[in-house]
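Results of the structural survey
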Amino acid sequence: RREQEVFARRNPRSQALAQRAQSHLPGGVPMPWMTRYAGPFPLFLSWAQGARVQDVDGHTYLDFALGDTGAMTGHSPGAVVTELQARLLQGLTAMLPTEDALWVAEELSQRFGLPFWQFTLSATDANRAALRIARAVTGRPKVLVFHGCYHGTVDEAFVALEGGIPRSRKGNLGPPVDPLLTTKVVEWNDPQALEGALAEKDVAAVLTEPVLTNVGIVHPAPGFLEMLRSLTRKYGTLLVLDETHTLCAGPGGCTARFHLEPDLLTLGKALGSGVPIGAYGLSREVAEAYAELLRGPHADTAGVGGTLAANAFSLRAARLTLERVLTEESFARMEALGERFQAGVEAVIRQAGLPWHVTRLGGRVEYLFRPEAAENGTQALEGQDPLLDPFIHLFLLNRGVLLTPFHNMALMSPATTEAMVDRHTELFAEAVASL
Ligand code: PLP
């Protein structure tokens with residue numbers, strides 16, 4: 001409560017805009033997640049550059065939220081936006097391809113090993129399309145996801161395990177179908193449950209992140225990803241890897257880093273430095289089966305695609321982002337900063353004798369309020385705390401540091417500096433001391 005009062009006093013302009021917004025934006029926000037920051041009302045931003053954002057009251061923040069990964073490149077990276085301006089004068093969308101689409105597909109093929117690519121406007125769209133294609137080419141009805149996953153607002157994946165049964169996630173508005181008809185959900189790192197579900201041979205695709213990131217970071221147990229690959233092959237199920245967040249592991253995400261062999265792979269968020277774009281990759285076999293289907297009665301629309309998908313502007317943004325920002329050097333830098341962030345937080349936790357655990361993937365760091373690493377979604381959710389989470393978040397926010405609201409996640413960008421990381425450690429220590 002004390003921090004909420006500080007927040008309200010500090011931010012009169014945001015508060016006035018938030019009040020005005022109540023009349024025209026449901027819940028006072030243009031997109032529902034924007035209420036999930038810990039303050040009593042959202043900050044309205046005026047400006048963002050590199051790893052800093054500024055609100056309308058003139059406070060500047062060190063941004064470790066980075067638009068929940070949409071700005072992992074840093075905000076408006078100069079190497080992208082300067083040249084992107086030229087495209088503004090050359091046409092933005094025409095429903096015909098530009099050469100940039102080909103360049104990006106070739107580059108993604110090199111990085112992720114999948115030869116064929118298609119483009120969408122978001123990672124949600126990419127996942128939805130990947131699942132449709134998986135169902136079409138296998139002729140099977142169901143998908144399997146892991147408890148604690150998030151793959152966007154894709155109906156059949158927006159689910160949780162409740163009493164052993166897949167249910168639409170709490171808060172899902174008007175789910176169109178019963179997830180029991182479309183989806184199987186098992187715990188991460190449980191090969192027996194996975195095999196039991198796949199053995200029924202009605203699963204078109206397993207959709208998963210190679211490391212869970214949406215309930216805190218949950219790494220695969222040694223051998224789990226190999227097991228996942230061999231079981232999906234054994235039972236004729238396609239493996240769809242969602243690398244929207246785990247791209248932070250390197251230029252080719254976890255797929256390249258851990259030598260994974262997905263059948264389909266989805267991307268989004270950071271791919272266009274904040275310009276909306278998603279992408280999905282297909283193996284040669286899947287692409288050929290898909291092409292065969294397109295020759296039939298589906299040639300019309302195939303149930304995937306969209307008017308603005310693969311537009312010229314998004315693809316120029318993706319090309320510049322891959323060419324100039326999401327490079328080997330940038331990933332090495334982000335990883336080193338992530339290590340520094342982790343070491344700082346771990347030292348504070350150790351000194352305070354707290355039973356908290358820190359996990360990391362590349363430049364993505366997260367602390368859970370439990371003593372050991374979580375092994376699955378249930379354990380990870382137990383490691384969140386409805387009071388501590390918002391307290392730490394708000395404490396930092398009131399002192400100029402922004403973390404991802406949904407859990408205590410911090411992301412490094414190429415524009416993040418060591419001094420910024422150290423400032424977080426200092427404030428985190430103050431937050432802990434004030435508990
Ligand atoms: N996939 C993963 C792993 C995500 O975490 C998210 C969003 O948080 C999405 C897909 C959906 O991304 P978007 O909301 O940009 O469509």
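Residues numbered from 1 in each chain as written. Predicted model: local features only at pLDDT ≥ 70, side-chain atom pairs only at ≥ 80, totals over all residues.

1. Description of the overall build of the chain
Applied cut-off: The numbering of helices and of strands both runs from the N terminus, where a helix is a DSSP run of H or I of at least 4 residues and a strand a run of E of at least 2. Each radius of gyration reported is based on C-alpha atoms, and the globular scaling rule is 2.2 Å times the count of residues to the power 0.38. Counting other C-beta atoms within 10 Å of a residue's C-beta gives its exposure: the residue is buried at 20 or more, exposed at 12 or fewer, and partly exposed in between, where C-beta atoms are placed from the backbone. Contact between two residues is assigned when their C-beta atoms, built from the backbone, lie within 7 Å.
Scanning the chain for helices and strands turns up 15 helices and 16 strands. Scaling as 2.2 N^0.38, a compact globule of 435 residues should have a C-alpha radius of gyration of about 22 Å, and the chain matches this with 22 Å. Per-residue burial for the chain yields a buried fraction of 50% across its 435 residues. In the chain, of all internal contacts separated by at least 6 residues, the share reaching a separation of at least 24 is 72%.

2. Section: the packing of helix 4 (residues 99–112) against helix 11 (residues 312–325)
Counted only if it meets this: To get an axis, fit a line to the C-alpha atoms, keeping to the stretch in contact for a helix; angles then go from 0 to 180 degrees between the N-to-C directions. Here is the rule for angles: anything less than 35 degrees is roughly parallel, anything more than 145 is roughly antiparallel, 65 through 115 is roughly perpendicular, and the remaining ranges are oblique. In this scheme the crossing of two helices becomes right-handed for a clockwise turn of the near helix relative to the far one and left-handed for an anticlockwise turn of less than a right angle. When residues are grouped by polarity, Ala, Val, Leu, Ile, Met, Phe, Trp, Tyr, Cys and Pro land in nonpolar, Asp, Glu, Lys and Arg in charged, and all others, Gly among them, in polar.
Remark: helix 4 packs on helix 11, axes separated minimally by 9 Å, with the N-to-C direction vectors making an angle of 40 degrees. Judged by the angle between their axes, helix 4 and helix 11 are oblique. The handedness of the crossing between helix 4 and helix 11 is left-handed. Residues Asp 100, Ala 101, Trp 103, Val 104 and Glu 107 of helix 4 pack against Ala 312, Leu 315, Arg 316, Ala 318, Arg 319 and Leu 322 of helix 11. Classifying every residue of the contact of helix 4 with helix 11 gives seven nonpolar, no polar and four charged.

3. Focus on the site of the ligand
Operational definition: Residues are classed as near a molecule or strand if the C-beta position derived from their backbone is within 6 Å of it.
Taken together, 15 residues surround the ligand, and among them Ser 122, Ala 123, Thr 124, Gly 152 and Thr 244 come closest. The biggest single contributor to the shell around the ligand is helix 5 (residues 123–138), with three residues.

4. Details of the confidence of the model for the chain
Definition in use: Each residue carries a pLDDT value, the predictor's own confidence for that position, ranging from 0 to 100.
Counting all residues, the mean pLDDT for the chain is 95, and 99% of those residues have values of 70 or more. Here the complex is predicted with pTM 0.97, and the ipTM for its interfaces comes to 0.99.

5. Observations regarding the sheet that holds strand 14 (residues 364–368)
The condition is simple: Paired strands, in this sense, are two strands between which DSSP finds at least two bridges.
Read from one edge to the other, the open sheet built from three strands follows the order 13-14-16, with strand pairing classed as antiparallel. Looking at which strands have only one partner, the edges of the open sheet turn out to be strand 13 (357–361) and strand 16 (409–411). Sheet twist, expressed as the mean angle between neighbouring strand axes with direction ignored, is 15 degrees. Direction of pairing for strand 13 relative to strand 14: antiparallel, over a ladder of five bridges. Pairing of Val 358 across the sheet is with Tyr 367, part of strand 14. The sheet contacts of helix 12 (residues 328–352) involve strand 13, strand 14 and strand 16, and relative to strand 13 the element is tilted by about 175 degrees.

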